[in-house]
Amino acid sequence: MFENLTERLNQAFSRLKGRGKLSEADIDRALREVRLALLEADVNYRVVKDFVARVKERALGQEVMESLTPAQQVIKIVHEELIRTLGDKASPLDLSGPTPLAIVLVGLQGSGKTTTAAKLARFLKRRGRNPYLVAADIYRPAAIEQLKTLGQSLGLPVFEPQPGQSPPEIARLAMVQAKATGRDIAIIDTAGRLHIDEALMEELKAIKEATSPKEILLVADAMTGQDAVNMAKAFDEAVGITGVILTKMEGDARGGAALSIRAVTGKPIKFLGTGEKLEALEIFAPDRIANRILG
Ligand code: GDP
């Protein structure tokens, strides 16, 4: 995760290290390299521009220019501004209010929705909740089977749609069934398409109407970089999302999506998927991520 970015940033800072006082030109040179490192990591260009401007303003201040360990001061500022760009604080799931409540997962096919539904169910079960897995993807029977298998391995019930039921109907009936069987959180896995289309968005709006979800989470593949950011924007405009889960992060050496989504969409990243196994789900904590980026 972030390996390329970490290496490039370390290169940028290495020239500052072991130096006495820094000149404005030294800082400019280092920040040009930071800027390039972020652009190469596929971070949105506006996010990069704002980030570098903020770091520069602070780095040219007294605390750095008069410091005897200026490189450390610059790195500290970059660290703090990274945390800010990533959203400051972790953004936990909103599970307040009467139960059963719904969490709806949306996203393109192959993004990792079904796997993530099971990961979330495991996460919530371990915190003493009674999750209910709901397969509302009628176009891909294999997805329903996949969720059933995952539910079984977790020892959790899975709502099974009947032939002829529409996804909004499935979602509504699943909420009724959840209440009747004492489940407190329904995790609804919706259909994904290969690209965003009107019909998909209309279906999601109807599912939203039927379940009044506390959370609508976009599941997006981190490896797709700025496409994941654009996806977050598009889904948010069409149905309104409450957050993002970025999957396949363990294979993402650059980190462009992770660093851009919050700043571009205003929506928090809530979790990271870091592998195919069900335990490979991490709470997204900006300070921890910033530590990892700086190596
Ligand atoms: P869906 O079409 O969105 O429901 O996607 P799936 O849940 O079927 O996942 C598609 C593929 O991505 C599967 O092979 C999953 O095992 C894999 N996958 C999901 N999340 C992750 C992750 O965080 N890391 C990795 N490496 N693979 C993942």
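Scroll up for the structure.
Residues numbered from 1 in each chain as written. Predicted model: local features only at pLDDT ≥ 70, side-chain atom pairs only at ≥ 80, totals over all residues. Heavy atoms only, no water.

1. Examining the packing of aromatic side chains
Taken as a whole, this structure holds two aromatic pairs when the rule is applied. The side chain of R127 reaches across the aromatic face of F123, ending 3.7 Å from its centre. R193 extends its terminal NZ or CZ atom over the ring of Y139, reaching a point 4.8 Å from the ring centre. (Phe/Tyr/Trp six-rings, centres within 6.5 Å; stacked < 30°, edge-to-face > 60°. Lys NZ or Arg CZ within 6 Å of the ring centre and 35° of its normal.)

2. Some remarks on a nonpolar patch on the surface
Residues L36, L39 and Y45 make up a contiguous nonpolar surface patch of about 290 Å² in total accessible area. Structurally, L39 can be placed in helix α2 (residues 24-40). (Patch = residues over 30% accessible without salt bridge, like charges linked within 9 Å, V, L, I, M, F, W, Y side chains within 5 Å. Areas by Shrake-Rupley, 256 points an atom, 1.4 Å probe, with all protein chains shown as cover. Salt bridge = Lys/Arg side-chain N within 4 Å of Asp/Glu carboxyl O. Helix = DSSP H or I, 4+ residues; strand = E, 2+ residues; numbered from the N terminus.)

3. With respect to helix α8 (residues 167-180)
The periodicity of an α-helix, 3.6 residues per turn, causes residues three or four places apart in sequence to face the same way. Over its 14 residues, α8 extends 20 Å from the first C-alpha to the last, a length consistent with the 20 Å expected when each residue adds 1.5 Å. Among the residues of α8, P167, I170, A171, A174, M175 and A178 are the ones counted as buried. One face of α8 carries all of its buried residues, which in axial projection span an arc of 135°. In this structure, α8 carries V176, K179 and A180 as exposed residues pointing more than 90 degrees from its buried face. Looking at the packing, one finds that the buried side of α8 touches β1 (101-106), β2 (131-136), β3 (158-159), β4 (185-190) and α9 (198-211). G182 sits one or two positions beyond α8 and adopts a positive phi of about 75°. (Expected span 1.5 Å × (residues − 1). Buried < 20%, exposed > 50% of the residue type's maximum accessible area, 1.4 Å probe, protein only. Arc of directions from axis to C-beta. Contact = heavy atoms within 4.5 Å.)

4. Brief notes about the environment of A41
Here A41 shows up in the loop between α2 and α3 (45-59). With relative accessibility at 3%, the residue A41 sits in the buried group. Expressed as a C-alpha distance, the spacing of A41 and D189, which sit 148 residues apart in the sequence, is 31 Å. Residues within four places of A41 in sequence aside, it is in contact with L5, R254, G255 and G256.

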